[in-house]
Amino acid sequence: MTKTFTQHPELHFERLGEEQEVAVIRLTRSAKRNALNDGLILALRDLFENMPDGVRSAVIAGEGPHFCAGLDLSELKERDAGQGLHHSRMWHAALERVQFGPVPVIAALQGAVVGGGLELASACHIRVADASTFYALPEGSRGIFVGGGGAVRIPKLIGAARMADMMLTGRVYNAQDGERIGLAQYLVPEGAAFDKALELAVRVAQNAPLTNYALMHALPRIAEQPADQGFFTEAMMAAIAQSAPEAKTRLNDFLEGRAAKVRKQD
Ligand code: 1HE
């Protein structure tokens, strides 16, 4: 069955790479600092649920000087408790499709990565930040709370104490400190985040699909299991991965000198 998603005017989609294997998804609402309104959140979900066949990794980026200013505050009208609950659950459903979707996702960050923008970034598997990046959770000062999964995902990156500090005091982390505490895995010069993210996405796309699946779907679950169960789940996943024909081909390639060695990086 051919998958199709509905094109959204503020969510640009294209495919790059020699085999068009990398999906590039760009928030194109720079006049509003890529603030995420309900339409954009639903479009993200639709896209990840209907990612075209042949895509093996993805990059999420924001147009303009900022990655994403978070929730579109102009839509934050009076909601009763039930509506607020469903709104948050809508974000959860969309970002769950990013984190546990079809392919690893690399976020290319610059400028503001704030509020729901940080929640979106934290649902991605790799974050590449350029030197202009800054991170904040202004929900604390807006009288609200995170609602896009941030309370679950952000403490896994930086710990609950640092997240509480960001929300209680309005602390803003710059790019260097963000990388130091674990908000991003890569820090690159200003303007270089997209190219680095694309380079990584091309590399990630070369992995065996089952390995990428294990890293996206098994690893985070194993990390949450008690050690005894985690070891067991790891053994099951290892057995499944190594029995795939592609794993056997790759192992033979190494043993017969056709595959790259691990080399020290400069
Ligand atoms: C917006 C938004 C937005 C900008 N919703 N319209 N997020 C925040 O609390 C962050 C709010 N935004 C900012 O602090 C700043 O806009 C930025 C640091 C991101 C960028 O500053 P700057 O000087 O480049 O832009 P600007 O002049 O502040 O904004 C340009 C326009 O974007 C302006 O609209 P305009 O019609 O006057 O031109 C802004 O109103 C608009 N804009 N950010 C709506 N967020 C699932 S729960 C998640 C909860 C949250 O994410 S709360 C945190 C929300």
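Look above for the structure.
Everything quoted here is computed from the prediction, not taken from an experiment.

Describing the sheet that holds strand β7 (residues 134–136)
One open sheet holds the three strands; their spatial order is β5-β7-β8, and the pairing between them is mixed. Bordering the open sheet on either side are β5 (112–114) and β8 (173–174), each of which pairs with just one other strand. Two strands pair when backbone bridges link them, and β7 and β8 are joined in this way by two bridges, in the antiparallel orientation. Directly across from F134, in β8, lies its bridge partner N174. Contacting β5 and β7, helix α3 (residues 116–123) runs over the sheet at an angle of about 90° to β5.

Some thoughts on the sheet that holds strand β1 (residues 11–16)
Taken in spatial order, the six strands of this open sheet run β1-β2-β3-β4-β6-β9, and their pairing is mixed. Looking at which strands have only one partner, the edges of the open sheet turn out to be β1 and β9 (186–188). On average, each strand axis in the sheet is inclined to that of its neighbour by 20°, with strand direction left out of account. With four bridges joining them, strand β3 (residues 57–62) and strand β4 (residues 105–109) adopt parallel strand pairing. Bridging across to β4, A61 finds its partner in A108.

The rules behind these values
Residues numbered from 1 in each chain as written. Predicted model: local features only at pLDDT ≥ 70, side-chain atom pairs only at ≥ 80, totals over all residues. Heavy atoms only, no water. Pairing = 2+ DSSP bridges. Helix = DSSP H or I, 4+ residues; strand = E, 2+ residues; numbered from the N terminus. Contact = heavy atoms within 4.5 Å. Axes fitted to C-alpha atoms, helices over the stretch in contact; angles between N-to-C directions.

Such coordinate-based values are descriptive only and should not be taken to indicate function.
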